Amino acid sequence: SERHLHIVLGNESCDLDSAVSALTLAFIYAQRQQQHDFLPVLNIPRLDYPLKTEVRHMLNKCEIDAQLLLFRDDLPTQLNSDIHVILVDHHVSRWAPLVTEILDHRPLEQQNASVLQLPAQCARHIEPSVGSCATLVAERYLAAPEPRSRCVSQLLHATIVLDTINFEPAARRFCARDLAMTEQLEVELEASDAQQQRLKLFEELVAARADISQLSLAEVLRKDMKQLQAQRHKLPMAGLPMLVRDFIELPAAEQAIRQFAGDSKLVVLLGMFVTPGTSQVQRDVALIAPTGGQCCPLLERVRRALLECQSPSLQLQPHAVDSSFMAGWFMRQLNVQATRKHILPVVQRVLTEWEVAEADSQHCDCDDVYFFKEKPKLGLS
């Protein structure tokens, strides 16, 4: 009766950072707290695992068979109240009341309804300054002599190198803690010529992430997606392994976007391209309202919020060549240091505020409305 089950749950984007952080943290805790059970769960349906090309690449490299993994749809719809949940690489979850610990590197969404449901005793390790959640896991891993696993060291090392854009100064995606953990993991891995090995590993992972040769365009959109949600509306946000302007030039791009959007009023597309042989990053942003075009009120609100965003400024500028594709809004993002973790809270806030405003505009107090079958006689001349 004193043995507890802890589910270690990654981010629903299930990128390499999310997947590796969940797997390795569960392993570390399971070895150190053998009186309890720790179960890593990848926060996507099992059907979507083939879309996570860089995750599959690294897990295959470490000989971790997909049949050994557990996915979101392997969990029951409802969890028993005696189950504990540990969130890694995110802190918003429908299982918030069961959360006992959080490891995350994105700013805390303090007003999010899910965050407000977190138990008071939940341990919150939220460090927006670090470039990778795997850094937070590595700090716990290396803080004690046991356990040790070459596979764990390899996974954490690769993830930090990818997340920090191989410590590219212009990207500013890392801090001293990321670098310290990478160097310590390289000692564990007995790496020689670490700088050259990092570059080779980074290019290998970028190529694996960008490999969409076996995916349809609809699958490319789902490959790295987040679903933003208010009470009545959902808004899908896709992270693309290419610039959005290049994606929309592909045949059947419009059909894929409409399929991806479903009944959502707006789609947000974030593109990123890393120039081969370098760590130079390009980013762009697109807003597309499948039915409303640029007349969509939600698109206009999100557009204005992104242009006005100052924490950080996205430095959005028009592309050299304008596009009328699906009457969308397409902009280059000159501040390549700003990532989805900075953009997502802005869009989520606008979606929530828009839904409140929409509800207010539809509200009608019938006690204040009168209907007359004939002209009322008000005693006026």
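Relevant structure appears above.
No experiment lies behind these values; they were computed from the predicted model shown.

## Quick notes on the pairing of strand β1 (residues 5-9)
Side-chain positions along a regular strand alternate between the two faces of the sheet. The element β1 is extensively covered by neighbouring structure, given that four of its five residues are classed as buried. Taken together, the five bridges between β1 and strand β2 (residues 37-41) define a ladder with parallel strand orientation. Residue pairing in the sheet places Leu 5 in a bridge with Asp 37 of β2. A crossover links β1 with its parallel partner β2, the connecting element being helix α1 (residues 16-32), and its sense is right-handed.

## Things to note about the pairing of strand β8 (residues 267-274)
Most of β8 is tucked away, with seven of its eight residues classed as buried. Strand direction decides the pairing type here: strand β7 (residues 234-240) and β8, joined by four bridges, are parallel. What sits directly across from Met 237, in β8, is Val 268. The pairing of β8 with strand β9 (residues 281-288) spans eight bridges and is classified as antiparallel. Counted as the bridge partner of Val 268 is Leu 287 from β9.

## Regarding the environment of Glu 203
Its location among the elements puts Glu 203 in helix α7 (residues 194-210). If we ignore the near neighbours within four places in the chain, the residues touching Glu 203 are Gly 277 and Thr 278.

## Considerations on the sheet that holds strand β4 (residues 99-104)
If you walk across this open sheet you meet the five strands as β2-β1-β3-β4-β5, and the pairing is parallel. Where the open sheet ends on each side, the last strands, each with one partner, are β2 and β5 (123-126). Each adjacent strand pair in this sheet contributes to an overall mean axis angle of 15 degrees, direction not counted. Two elements, β1 and strand β3 (residues 84-88), share four bridges in a ladder whose sense is parallel. Across the sheet, the residue bridging to Val 8 is Ile 86, located in β3. Set on the sheet, α1 makes contact with β1, β2, β3 and β4; between it and β2 the angle comes to about 170 degrees. Strand contacts of helix α4 (residues 133-142): β3, β4 and β5, with the helix running at about 115 degrees to β4, the strand carrying the most contacts.

Cut-offs and rules
Residues numbered from 1 in each chain as written. Predicted model: local features only at pLDDT ≥ 70, side-chain atom pairs only at ≥ 80, totals over all residues. Heavy atoms only, no water. Buried < 20%, exposed > 50% of the residue type's maximum accessible area, 1.4 Å probe, protein only. Helix = DSSP H or I, 4+ residues; strand = E, 2+ residues; numbered from the N terminus. Pairing = 2+ DSSP bridges. Right-handed = clockwise from strand over helix to strand, strands pointing away. Contact = heavy atoms within 4.5 Å. Axes fitted to C-alpha atoms, helices over the stretch in contact; angles between N-to-C directions.

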